[in-house]
Amino acid sequence: MKKVIYLVMIAMAISTIGTGCAQAQDRISTETAGLPKVYFIKEITSENLVKIYEALGRKAKGNVAVKLSTGEPGNNNYLQPALIKNLVQSVKGTIIECNTAYGGGRTNTETHLKAAADHGFTAIAKVDIMDADGEVSLPVKGGKHLKEDFVGKNYLNYDFTVVLSHFKGHPMGGFGGAIKNISIGIASSQGKAWIHSAGKTKSQSEVWSNLPPQDDFLESMAEAAKAVVDHCGDCILYISVANNLSVDCDCVAKPEDPKMGDIGILASLDPVALDKACTDMVRASADHGKIHLIERIDSRHGMHTLDHAEELGIGSQKYELVKLK
């Protein structure tokens with residue numbers, strides 16, 4: 001009899017544990033329901049770039065633009081052509097860029113194309129400097145500083161955009177990821193000055209001597225990104241490679257050497273969630289070298305860009321992380 005009672009008690013305990021686990025799983029499912037997914041692969045390879053693109057479940061169709069940084073001459077931290085070649089060619093993409101607003105080796109179309117060729121990009125795909133023949137305006141809905149965003153004229157030729165970002169630090173924005181890549185990256189040369197000045201000037205010579213308050217600049221980046229997101233609708237996706245994690249952007253000719261190790265590849269259909277996941281992974285890293293990148297992000301108040309982007313309805317800072325192997 002005692003043995004029977006003992007077995008019944010064990011069965012009840014197991015049942016209770018099972019119920020508790022099920023309730024915990026239900027709670028987790030409820031908490032993540034409806035949140036944007038951010039996919040993550042630790043190993044950075046060309047094959048995994050294609051794999052994470054396919055995991056997003058949104059096929060790049062039509063005339064596909066691949067937005068990335070071709071890198072300032074002297075900088076070697078940009079995404080290497082050998083790494084991205086399979087992805088770019090699998091979507092039959094054209095690499096798109098616009099000229100810079102700060103001088104340097106990519107300030108005009110001729111030198112920009114030379115930099116792209118020297119860095120190996122023209123060997124894997126066509127490269128389009130989109131503001132070579134001018135710019136067009138995209139409306140900004142709900143902006144505090146910008147009512148329009150000026151992008152390279154040729155951007156209107158594309159049906160779909162693959163935003164392929166090198167996640168790293170940035171001298172002015174704190175960090176560079178998906179939001180920066182579609183705002184300043186797709187902006188024309190004059191459009192870049194417009195964003196940096198928070199809508200005060202399109203003059204590349206005037207902007208640097210009369211910069212706005214930092215938060216106004218960060219908010220302007222988010223607002224320019226809003227214009228691109230609205231223009232694309234569902235015809236856009238975002239992939240970020242968190243490697244060569246310098247505190248400086250690929251636009252810097254002589255960047256600081258990375259102080260922390262690579263993190264991996266992340267991707268999402270939500271640019272805010274993707275940028276937040278990248279910064280979260282930096283902060284959660286066991287690598288002591290992260291302090292340099294965190295200092296750069298926080299000293300520039302970089303997370304404010306995501307706060308404003310979320311307010312504008314671009315995306316969510318809450319997300320579900322999905323790890324792929």
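S.K.: Help me out: how do you make sense of the overall build of the chain in this one?
M.R.: On a plain count of helices and strands, the chain comes out with 10 helices and 12 strands. Here the C-alpha radius of gyration of the chain, 22 Å, is about what a compact globule of 325 residues would show, namely 20 Å. Once the C-alpha set of the chain is aligned to its principal axes, its extents read approximately 90 × 40 × 40 Å. Of the contacts made within the chain by residues no fewer than 6 positions apart, 75% connect residues no fewer than 24 positions apart.

S.K.: Would you mind showing me how to read the packing of aromatic side chains here?
M.R.: Given two aromatic rings, their pairing is described by the distance between the two centres and the angle made by the two planes. Counted under the stated rule, the structure contains 3 aromatic pairs. Seen from their ring centres, Phe167 and Phe175 are 5.8 Å apart, and the 40° between their planes marks the pair as tilted. Summarising the burial analysis for this pair, Phe167 and Phe175 share the class buried. In this structure, Lys202 packs its charged tip against the face of Phe150, placed 3.8 Å from the ring centre.

S.K.: Sorry if this is basic, but what is going on with helix H4 (residues 109–118) here?
M.R.: Side chains three or four residues apart in an α-helix point the same way, a direct result of the helix having 3.6 residues per turn. Those residues of H4 not exposed but buried are His112, Ala115 and Ala116. In a view along the axis of H4, the buried residues occupy a sector of 100°, so they form one face of it. Exposed and facing more than 90 degrees away from the buried side of H4 are Glu110, Lys114 and Asp118. Tucked into the core, H4 has its buried residues touching strand S3 (93–97) and strand S4 (127–129). The N-capping residue of H4, defined by a side-chain oxygen 3.2 Å from the backbone nitrogen of Glu110, is Asn108. Count one or two residues on from H4 and you reach Gly120, which has phi positive near 95°.

S.K.: Would you mind going over empty space enclosed by the protein with me for this structure?
M.R.: Where empty space is left can be seen by rolling a probe of water-molecule size over the atoms. Under the defined criterion, the tally for this structure stands at 1 cavity of 30 Å³ or more. Volume-wise, the largest cavity comes out at about 40 Å³. Looking at the largest cavity, the residues that line it are Gly173, Phe175, Gly176, Gly177, Ile179, Lys180, Met221, Asp275 and Thr305. Residue assignment for the lining of the largest cavity shows that the elements contributing at least two residues are strand S9 (174–176) and helix H5 (178–183). Partitioned by chemical class, the residues of the lining of the largest cavity number 3 nonpolar, 4 polar and 2 charged.

Parameters at a glance
- Each chain has its residues counted from 1, following the order in which its sequence is written.
- Two thresholds apply to this predicted model, a pLDDT of at least 70 for residue-level local features and 80 or more for giving and counting side-chain atom pairs, whereas whole-chain, interface and lining totals are computed over all residues.
- Side-chain figures throughout are based on the complete set of non-hydrogen atoms in the structure, without hydrogens or water.
- A helix here means a DSSP run of H or I that spans at least four residues, while a strand means a run of E at least two residues long, and both kinds are numbered starting from the N terminus.
- Radius of gyration here is computed from C-alpha atoms only, and the compact-globule reference equals 2.2 Å multiplied by the residue count raised to the power 0.38.
- Only heavy atoms matter for contacts: two residues are in contact if any of them lie within 4.5 Å across the pair.
- Two rings from Phe, Tyr or Trp (for Trp, the six-membered ring) form a pair when their centres sit within 6.5 Å of each other. Planes less than 30 degrees apart are called stacked, planes more than 60 degrees apart edge-to-face, and all others tilted.
- Remark: exposure states derive from per-residue accessible area (1.4 Å probe, protein chains only) relative to the maximum for the residue type, with buried under 20%, exposed over 50%, and partly exposed in between.
- Both a distance and an angle decide whether a charge sits over a ring: NZ of Lys or CZ of Arg must be within 6 Å of the ring centre and within 35 degrees of the ring normal.
- Here the arc refers to the directions that run from the helix axis out to each C-beta atom.
- Between N or O atoms, a polar contact is any pair within 3.5 Å; within protein, one atom must be a potential hydrogen donor and the other a potential acceptor, and residues adjacent in sequence are included only when both atoms are from side chains.
- The rule is simple: put a 1 Å grid over the protein atoms alone, call a set of points where a 1.4 Å probe fits but cannot get out a cavity, call an open set with protein on both sides within 12 Å along at least five of seven lines a pocket, and count a residue as lining if it has an atom within 4 Å of a point.
- Grid points are joined across faces, edges and corners, and a volume is the space filled by probe spheres set on the points.
- Classification convention: Asp, Glu, Lys, Arg as charged; Ala, Val, Leu, Ile, Met, Phe, Trp, Tyr, Cys, Pro as nonpolar; all other residues, Gly among them, as polar.

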